[in-house]
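For reference, the chains in residue letters:
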Amino acid sequence: MGHVLVLGATSEIGGEVAARLANHNTVTLAARRTDALDGIAGRLIDGGAVAVHRLYFEADDLSSHRPFVEQAWSNGPVDTVIVAFGILGNQDACEVSGEAAAQTIHTDFTAQASIITEIVARMEADIASGALKPRDGVAGRIMAFSSIAGARVRRSNYVYGSAKAGLDGFLQGLQDRLHGSSIQLTIVRPGFVIGRMTEGMKPAPMSSRPEEVAEAAVTAFDGRKAQVWVPRKLALLAFATTFTPRWIWRKMPR
Ligand SMILES: NC(=O)c1ccc[n+]([C@@H]2O[C@H](COP(=O)([O-])OP(=O)(O)OC[C@H]3O[C@@H](n4cnc5c(N)ncnc54)[C@H](OP(=O)(O)O)[C@@H]3O)[C@@H](O)[C@H]2O)c1
């Protein structure tokens, strides 16, 4: 039996991932809208969760991150963390307001880097004390969400894209730091996902749905993969974009 912590538990993708990891585990759902967690909590119990806890979590408040981790761990050491929070931001607003641009980058990069650092530190302390014990070489594991938007940043959504690019770089560096340790970090890089975050937008080619993203993410997570593109062929597209001339690239739609 393990303990799964979901950060941004009202996320569509996060909920789908949690549903696939709940069986036989305790789950802590952390969200800023804790009153909106009844549906997902019920689904997790139906799916075999041993217990479901709810915790208030405001990612933007960096000073709350360390006490938040203490609180999450009070229900037992957490061995699995899903970092599912994020915002798309409003690109038009971000182009004319420094505050709006900084807000998007704060949530999608700074807050992610901060909470993931606190989680890794706590897992490392638990491994050192024996509170978390490796099973087949893995004692703690973290799933984090990057995006195709960060692979090569586009003019049409460069604020969100640059936050994801920064996050992706942070996660890759952290993976290298954790190499050889018993902490696994899996980076999930979806393309356009048809769901709440992209509501009202025309689906881009190679779109997927939250369930498809979750399925691929959990398969990679359980398979101890360092990264997964969803869909997988997006990896080829991301590679190809690096050869696209700038004068064409700047005209790319969202
Ligand atoms: N959807 C896509 O097209 C797509 C594509 C590539 C990558 N991704 C990434 O995948 C992850 C999950 O996305 P999704 O599609 O599941 O999005 P979603 O359904 O819109 O969920 C986003 C979640 O983030 C939470 N959140 C936002 N700001 C927060 C804050 N300051 N503190 C705490 N929680 C906060 C939201 O909480 P509230 O319910 O309170 O708003 C919501 O639960 C995100 O990192 C996203 O960037 C998504």
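Definitions and limits used
Residues numbered from 1 in each chain as written. Predicted model: local features only at pLDDT ≥ 70, side-chain atom pairs only at ≥ 80, totals over all residues. Heavy atoms only, no water. Helix = DSSP H or I, 4+ residues; strand = E, 2+ residues; numbered from the N terminus. Rg over C-alpha atoms; globule rule 2.2 N^0.38 Å. Buried < 20%, exposed > 50% of the residue type's maximum accessible area, 1.4 Å probe, protein only. Contact = heavy atoms within 4.5 Å. Areas by Shrake-Rupley, 256 points an atom, 1.4 Å probe, with all protein chains shown as cover. Lys, Arg positive; Asp, Glu negative; His and termini not counted. Charge placed at Lys NZ, Arg CZ, Asp CG, Glu CD. Pairing = 2+ DSSP bridges. Axes fitted to C-alpha atoms, helices over the stretch in contact; angles between N-to-C directions. Parallel < 35°, antiparallel > 145°, perpendicular 65-115°, else oblique. Left-handed = near helix turned anticlockwise from the far one by under 90°. Nonpolar A, V, L, I, M, F, W, Y, C, P; charged D, E, K, R; others polar. Near = heavy atom within 4 Å. Polar contact = N/O pair within 3.5 Å; in protein donor to acceptor, adjacent residues only side chain to side chain. Core = buried A, V, L, I, M, F, W, Y, C linked by side-chain atoms within 4.5 Å. Salt bridge = Lys/Arg side-chain N within 4 Å of Asp/Glu carboxyl O.

Caption draft 1: Broad picture of the overall build of the chain. From N to C terminus, the chain includes nine helices and seven strands. Its C-alpha atoms give the chain a radius of gyration of 18 Å, within 12% of the compact-globule value 18 Å for 254 residues. Within the span of the chain, comprising 254 residues, buried residues form 48% of the whole. Look at the contacts in the chain between residues 6 or more apart in sequence, and 70% of them connect residues 24 or more apart. If you sum the accessible surface of the chain, you get close to 12100 Å²; carbon and sulfur atoms cover 55% of it. Placing the 27 positive and 25 negative side-chain charges of the chain at their respective mean positions leaves the two points 8 Å apart.

Caption draft 2: Region of interest: the sheet that holds strand β5 (residues 140–145). Read from one edge to the other, the open sheet built from seven strands follows the order β3-β2-β1-β4-β5-β6-β7, with strand pairing classed as parallel. The sheet terminates laterally at β3 (51–56) and β7 (227–230), the two strands that pair on one side only. When strand polarity is set aside, the average angle formed by the axes of neighbouring strands in this sheet is 15 degrees. One ladder, built from four bridges, connects strand β1 (residues 3–7) with strand β4 (residues 80–83); its direction is parallel. Within β4, the position partnered with L5 by the bridge is V81. Seen against the sheet, helix α7 (residues 210–222) touches β4, β5, β6 (183–190) and β7 and runs at an angle of roughly 145 degrees to β5.

Caption draft 3: Quick peek at the packing of helix α5 (residues 98–129) against helix α6 (residues 158–178). It is the contact of α5 with α6, at a shortest axis distance of 8 Å, that shows an interaxial angle of 15 degrees. Accordingly, the angle class assigned to the pair α5 and α6 is roughly parallel. For the element pair α5 and α6, the recorded crossing hand is right-handed. Seen from α5, the contacting residues are A101, T104, I105, D108, F109, Q112, A113, I116, T117, V120 and E124; seen from α6, they are V159, Y160, S162, A163, G166, L167, F170, L171, L174, R177 and L178. Each residue belonging to the contact of α5 with α6 can be placed in one class, and the counts come to 14 nonpolar, five polar and three charged.

Caption draft 4: Quick peek at the site of the ligand. Inspection of the region around the ligand gives 28 residues, with T10, S11, R32, R33 and E58 positioned closest. E12 places a main-chain nitrogen or oxygen 3.0 Å from an oxygen atom of the ligand. Its free accessible area being 900 Å², the ligand has 94% of it covered by the protein chains. Those elements that place two or more of their residues in the shell around the ligand are α1 (12–21) and α6. Residues that form the shell around the ligand fall into these classes: 12 nonpolar, nine polar and seven charged.

Caption draft 5: Spatial organisation of unusual backbone geometry. Residue P231 is bonded to the preceding V230 through a cis peptide linkage, with omega at -5 degrees. One can find P231 in the loop between β7 and α8 (234–241). A positive phi is found at H24, a non-glycine position, where the angle reads about 70 degrees. Following the sequence through the fold, H24 ends up in the loop between α1 and β2 (26–31). Of note in the backbone geometry, R224 takes a positive phi value of approximately 60 degrees without being a glycine. Using a relative accessible area of 41% as the deciding quantity, one classes R224 as partly exposed.

Caption draft 6: Focus on the nonpolar core. L5, L7, F68, V81, I115, I119 and I142 are the most contacted members of the largest nonpolar core, which totals 31 residues. Elements that contribute at least two residues to this core include exactly β1, α3 (65–73), β4, α5, β5, α6 and β6. Sorting elements by how many residues they give to this core places α5 first, with six residues. Discounting chain neighbours no more than four positions away, the residues touching I142 are V81, V83, I119, V120, M123, I183, Q184, L185, T186 and F221. Core analysis: the second largest hydrophobic core is formed by 30 residues, V17, A41, L44 and F145 among them.

Caption draft 7: The side chain of R154, seen in detail. Looking at the element boundaries, R154 is found in the loop between β5 and α6. One buried charged residue, R154, remains without a salt bridge, the closest side chain of opposite sign being D168 at 12 Å. Every residue in contact with R154, bar those within four places of it in the chain, is listed here: I148, A149, W249, M252, P253 and R254.

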